[in-house]
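Here is what each chain is made of, one letter per residue.
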Amino acid sequence: GLAITFIGLPLLALTMIGWVHAARLERQRIRLFLGERIADPYRPLPAGSLFQRMRKMGRDPAVWRDLAYELLLFPIGLAEFVVTVVLFSIPLAALVAAFTYRSGDVVD
C-alpha cells in the first residue's frame, strides 16, 4: 500500500522535472532555429524544503501546459519518424534488390 508513496511520488517528481527540462530544451531549440526568445513561464520556487518546492512546482500551470505540449509532440514525432523510415527504406530496398536480383534464378 505504501508503494504509491515511496515509489510513485518520487517517480512522479522525477518525471515532472524531466518534462520541464524537455520543454526548456524545446524553447532553446526555437530560439536557436527561429531566433525567437520565449520567456520562462514558471513561477519562482520557494527557498524551503524539497517537498515545498515540489508542491509549488506541481501547482504551477506552466508545468502542466508543458506536459500537454509534450504529450501532443510525442505522437507527431512518432508519425514523422515512421514516415521518414519508410521513405528511406523503400528506395534502399529497391536499390539492394537491383544488385541482388539474378534473372535466371527463378524459385518454383
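Details of the structure are given in the entry above.
Bear in mind the structure is a predicted one, so any value in this text is a computation, not a measurement.

Undergrad: Describe the packing of helix 1 (residues 3–34) against helix 2 (residues 50–58), naming the residues involved and giving the relevant values.
TA: As a packed pair, helix 1 and helix 2 sit with axes 11 Å apart at the nearest point and diverge in direction by 55 degrees. In terms of their interaxial angle, helix 1 and helix 2 are classed as oblique. For helix 1 against helix 2, the interelement crossing comes out left-handed. Residue-level inspection shows Ala 13, Met 16, Ile 17 and Val 20 of helix 1 in contact with helix 2, the latter providing Met 54, Met 57 and Gly 58. In terms of residue class, the contact of helix 1 with helix 2 is built from six nonpolar, one polar and no charged.

Undergrad: Lay out the side chain of Glu 26 in plain terms, naming residues and giving numbers.
TA: Looking at where Glu 26 falls in the secondary structure, it is placed in helix 1. Under the relative-accessibility criterion, Glu 26 is labelled buried at 13%. Not counting the four nearest positions on each side in its chain, Glu 26 is found in contact with Tyr 69, Glu 70 and Leu 73.

Undergrad: Quick rundown of the nonpolar core? Include the residues and the values.
TA: Residues Ala 13, Met 16, Trp 19, Val 20, Ala 23, Tyr 42, Met 54, Met 57, Ala 62 and Val 63 constitute the largest nonpolar core, which totals ten residues. A total of five residues in this core trace back to one element, the largest contributor, which is helix 1. Leave out the neighbours within four places in its chain, and Met 54 touches Ala 13, Met 16 and Ile 17.

Cut-offs applied
Residues numbered from 1 in each chain as written. Predicted model: local features only at pLDDT ≥ 70, side-chain atom pairs only at ≥ 80, totals over all residues. Heavy atoms only, no water. Axes fitted to C-alpha atoms, helices over the stretch in contact; angles between N-to-C directions. Helix = DSSP H or I, 4+ residues; strand = E, 2+ residues; numbered from the N terminus. Parallel < 35°, antiparallel > 145°, perpendicular 65-115°, else oblique. Left-handed = near helix turned anticlockwise from the far one by under 90°. Contact = heavy atoms within 4.5 Å. Nonpolar A, V, L, I, M, F, W, Y, C, P; charged D, E, K, R; others polar. Buried < 20%, exposed > 50% of the residue type's maximum accessible area, 1.4 Å probe, protein only. Core = buried A, V, L, I, M, F, W, Y, C linked by side-chain atoms within 4.5 Å.

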